[in-house]
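Inside the fold
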Amino acid sequence: MEKRKMEQLGIETSLLGFGCMRFPTTADGNIDEDQAEKMLDAAYDAGVNYFDTAYNYHGGKSEVMAGKALAKHDRSSFFLATKLPVWLVEKKEDVAKLLNEQLSRLNMEYVDFYLLHALNLDRWENVKKNHVLEACEELRKQGKIRYLGFSFHDKYEVFEEILNAYHWDFCQIQYNYMDTEEQAGDKGYALAKEKGIPMVVMEPVRGGSLAGFSPEINQRFQEADPNASIASYALRWVGSHSNVKVVLSGMSNMEQAMDNCKTFGDFRPLDQREESMIEGVAKALRSRIKNGCTGCSYCMPCPVGVNIPGSFRAWNEYHMYGSYSTVQFQWEQALTEETKPKNCVECGKCESACPQHLSIRADLKVVQKELDKAKEAAE
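So, a few notes on the structure that sits alongside this text.

What counts and what doesn't
Residues numbered from 1 in each chain as written. Predicted model: local features only at pLDDT ≥ 70, side-chain atom pairs only at ≥ 80, totals over all residues. Heavy atoms only, no water. Helix = DSSP H or I, 4+ residues; strand = E, 2+ residues; numbered from the N terminus. Rg over C-alpha atoms; globule rule 2.2 N^0.38 Å. Buried < 20%, exposed > 50% of the residue type's maximum accessible area, 1.4 Å probe, protein only. Contact = heavy atoms within 4.5 Å. Areas by Shrake-Rupley, 256 points an atom, 1.4 Å probe, with all protein chains shown as cover. Lys, Arg positive; Asp, Glu negative; His and termini not counted. Charge placed at Lys NZ, Arg CZ, Asp CG, Glu CD. Salt bridge = Lys/Arg side-chain N within 4 Å of Asp/Glu carboxyl O. 1 Å grid on protein atoms, 1.4 Å probe; cavity = no way out; pocket = protein on both sides within 12 Å on 5 of 7 lines; lining within 4 Å. Points joined across faces, edges and corners; volume = space filled by probe spheres on them. Nonpolar A, V, L, I, M, F, W, Y, C, P; charged D, E, K, R; others polar.

**Quick look at the overall build of the protein**
A count of helical and extended segments in the protein gives 15 helices and 10 strands. Relative to the compact-globule value of 21 Å for 379 residues, the protein shows a C-alpha radius of gyration of 20 Å, a close match. Its C-alpha atoms put the protein at 65 × 45 × 45 Å along the principal axes. By residue count, 55% of the 379 residues in the protein fall in the buried class. Here the analysis covers contacts within the protein between residues at least 6 apart in sequence; of these, 75% occur between residues at least 24 apart. For the protein, the accessible surface area stands at approximately 16600 Å², while carbon and sulfur atoms represent 47% of it. On the protein, the mean spot of the 45 positive side-chain charges and the mean spot of the 56 negative ones are 2 Å from each other.

**Re the pattern of salt bridges**
When charged atoms on two side chains of opposite charge get close, those side chains can pair. Taken as a whole and judged by the stated rule, the model has 24 salt bridges. The partner of Lys83 in a salt bridge is Asp52, and the shortest N-O contact between them spans 2.8 Å. Taken together, the residues Lys83 in strand E5 (residues 79–84) and Asp52 in strand E4 (residues 50–52) connect sequence positions 31 residues apart. Lys83 sits in the buried class, given a relative accessible area of 0%. Between Glu216 and Arg288 there is a salt bridge, with its nearest N and O atoms 2.9 Å apart. A residue pair is termed long-range when its members are at least 10 positions apart, and Glu216 in helix H8 (residues 215–224) and Arg288 in the loop between helix H11 (272–286) and helix H12 (308–321) qualify at 72 residues. What emerges from the salt-bridge pattern is a single network uniting Glu37, Asp41 and Lys72.

**Re the layout of surface pockets**
One simple way to see leftover space: roll a probe sized like a water molecule over the atoms. Reported here for the largest pocket is a volume of approximately 1600 Å³. Along the walls of the largest pocket sit 49 residues, with Arg22, Gly207, Ser252, Gly295 and Arg313 positioned nearest its centre. When contributions to the lining of the largest pocket are tallied by element, the ones reaching two or more residues are helix H9 (230–239), strand E10 (244–250), helix H10 (254–265), H12 and helix H13 (328–334). A per-element tally of the lining of the largest pocket places H10 first, with four residues. A class-by-class count of the residues in the lining of the largest pocket yields 20 nonpolar, 20 polar and nine charged.

**Topic: unusual backbone geometry**
With an omega of 0°, the peptide bond running from Met300 to Pro301 counts as cis. Residue placement: Pro301 occurs in the loop between H11 and H12. In the Ramachandran plot, Glu346 falls in the positive-phi region, its phi being about 60° despite a non-glycine side chain. Here Glu346 is to be found in the loop between H13 and helix H14 (349–353). Glu346 gets classed as partly exposed once you look at its relative accessible area, which sits at 40%. Backbone geometry places His357, a non-glycine residue, at a positive phi of 55°. Assignment of secondary structure puts His357 in the loop between H14 and helix H15 (360–378). His357 gets classed as partly exposed once you look at its relative accessible area, which sits at 48%.

If you want it as C-alpha cells, here you go:
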C-alpha cells in the first residue's frame, strides 16, 4: 500500500483512506454491518491505516460501525478521523460535549484527526464566535485529539482566510479532475502546499460520477489500459499531487474496496499521456453535466421527502451517457413518485445547506420535465 509522510506531524498515512460515509445498507436503510465490517477488514489487511467518519454519517451510526470494526486492531496501527458538527455548537462547552459523545460512539479514548466539519463562511464565523479552536486545544491537551484540521465547502477566498487564520495540522478539500476551479480547487491545493499543510482529499471520484461514462468516453480509458477501472484514473489523478497525503474513497461494496486497494497497492502517478487523456475527458464531460451535485446529501432530508441527490444523479447521468436506458431504473424505481422533484414546495432549505451553492429549486423543475419526456420517448 502506497504511504505518504506528513513530515511535520512525524507520521505516515496510507494514500488510500477509507471513507465511512457510504457504507452498504440493508433494505430498511440501516448499515449492512456484516458487509461493512468485511470491507473495513479487507482494507486494513491491504494496508489502509486511515479511516474517516463523522458525527452525522448514516444518521450517527457510521461512528459506531467504524469503532466496532476497528476495535479488533491495535489502536496504534491505524489513524481514525471524525468531525465536529460545528452547526450544533452554540457555546464553547458544546465542543467537549459533542466530542465526548463521539468518543462514546466510537468506543475510543481519542481520535487522531479531528476536523471542523464542512466549513464555509457562516460556519467559520460561528467557530470564531464560540471559541471552538480554543476548546479543541483544551481537548488536545487532555489527549482526546491528536491533530486538528477542517473540511471545506465554499469559495477559494474563504478557504484562504481559514487556512491563514490558524496553525492547522492538516486540511481536507473536495478535489478531482472535474473540480479544479470549484471551491478551493487548484489554488487551494497550491496554497496548502506552499504553507506546508498536508492535504486530505474527499470526493476524488465526485460521488461516483467519474467511475463510468458514455461508451465513446469509456473507450478512451479502455484503450489506455483495458485492465484498469475508470475510477482508478480519478484516484490516481488526485494521488499524483505530492501534497495529497490521503485520498478518501467512500466505498459502498467489496468490489470498490478491492479495486481501490489494487490501485493504491501498486500506485503509479499519471504519465503525460494519461494526463492528456484525462484533460480531454474533462473537457468533454464539462460540456454534458447539467449541475455540480456531488451527492454529499447536505441538502437532505427534504421536508417533503424529495430525493434531491438521487434526482440530480439521474439527470446528470442521463446527459453524460445520452441514453435514458442508463437511468431508467433510477427514475422509475429507485426514485418513487413520492421522492421525485415534482413534490418540491420550493421552501429553499436545501439551497441554504448546499455546499455547491446550486440552484436546486429551479433545477428540480427541469429534472422532472426532461426525464419525464425521455421516459415517454423511450416507451
